[in-house]
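Take a look at the letters that make up each chain.
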Amino acid sequence: MEITEKIQKEEIILEITGRIDTNTSRLLQEKLLSTFQKSRNVWMDLKHVDYVSSAGLRVFLIGVKTAQANMGTLKFSGVQEQVMEVLQITGFDKVLDLWGDIQ
């Protein structure tokens, strides 16, 4: 998994490439939490993510709770069909702020 950080206005975009699983979720969690120290508003661009495990879902939830605690936002964009299916089955589609594209 690769994570690219881009700054756009007052938001930071994390472009994720690869799988988010047990082996990579720790890195993503560390990056996401350090990103919230720089900005209260974060986008996670998932257009190049084709798999998310329960460990990845846990990181998403930690991110949402961190954003809420800091009066910020965590938005998700570019969710591929197979990842969206996982989000829908688990009910995470109701918890996450999902967007088609970064606005």
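For the structure itself, look to the data block above.
Strand order in the open sheet formed by five strands is 1-2-3-4-5, with mixed pairing between adjacent strands. Looking at strand neighbours, the two that pair on one side only are strand 1 (2-8) and strand 5 (97-99), the edges of this open sheet. Between one strand axis and the next, the sheet turns by 25° as a mean value, whatever way the strands run. Sheet analysis places strand 4 (residues 73-77) next to strand 5, joined by three bridges and oriented parallel. Paired with Phe76 across the strands is Leu98, a residue of strand 5. Here helix 2 (residues 54-69) sits on the sheet and contacts strand 2 (11-20), strand 3 (41-52) and strand 4; the angle it forms with strand 4, its principal contact strand, is near 140°. With respect to the sheet, helix 3 (residues 81-90) is in contact with strand 3 and strand 5, its orientation differing from that of strand 3 by roughly 105°.

The next thing to look at is helix 2. Compared with an ideal rise of 1.5 Å per residue, which puts 16 residues at 22 Å, helix 2 spans 23 Å between its outermost C-alpha atoms and is within 8% of the ideal. If you check which residues of helix 2 are buried, you get Ala55, Gly56, Leu57, Val59, Phe60, Gly63, Val64, Thr66 and Ala67. For helix 2, the secondary structure elements touched by its buried residues are strand 2, helix 1 (25-36), strand 3, strand 4 and helix 3. Measuring from the side-chain oxygen of the N-cap residue of helix 2 to the backbone nitrogen of Ala55 gives 3.2 Å; that N-cap residue is Ser53. With its phi angle positive at about 55°, Met71 sits one or two positions after the end of helix 2.

This part takes up the pairing of strand 2. Buried residues dominate strand 2, accounting for seven of its ten residues. Pairing of strand 1 with strand 2, which is carried by seven bridges, proceeds in the antiparallel orientation. Each residue of the ladder has a partner; that of Gln8, found in strand 2, is Glu11. Two elements, strand 2 and strand 3, share seven bridges in a ladder whose sense is parallel. Bridging from a neighbouring strand, Ile12 pairs with Val42 of strand 3. For the crossover that starts at strand 2, traverses helix 1 and ends in the parallel strand 3, the hand is right-handed.

The rules behind the values
- Residues numbered from 1 in each chain as written.
- Predicted model: local features only at pLDDT ≥ 70, side-chain atom pairs only at ≥ 80, totals over all residues.
- Heavy atoms only, no water.
- Pairing = 2+ DSSP bridges.
- Helix = DSSP H or I, 4+ residues; strand = E, 2+ residues; numbered from the N terminus.
- Axes fitted to C-alpha atoms, helices over the stretch in contact; angles between N-to-C directions.
- Contact = heavy atoms within 4.5 Å.
- Expected span 1.5 Å × (residues − 1).
- Buried < 20%, exposed > 50% of the residue type's maximum accessible area, 1.4 Å probe, protein only.
- Polar contact = N/O pair within 3.5 Å; in protein donor to acceptor, adjacent residues only side chain to side chain.
- Right-handed = clockwise from strand over helix to strand, strands pointing away.

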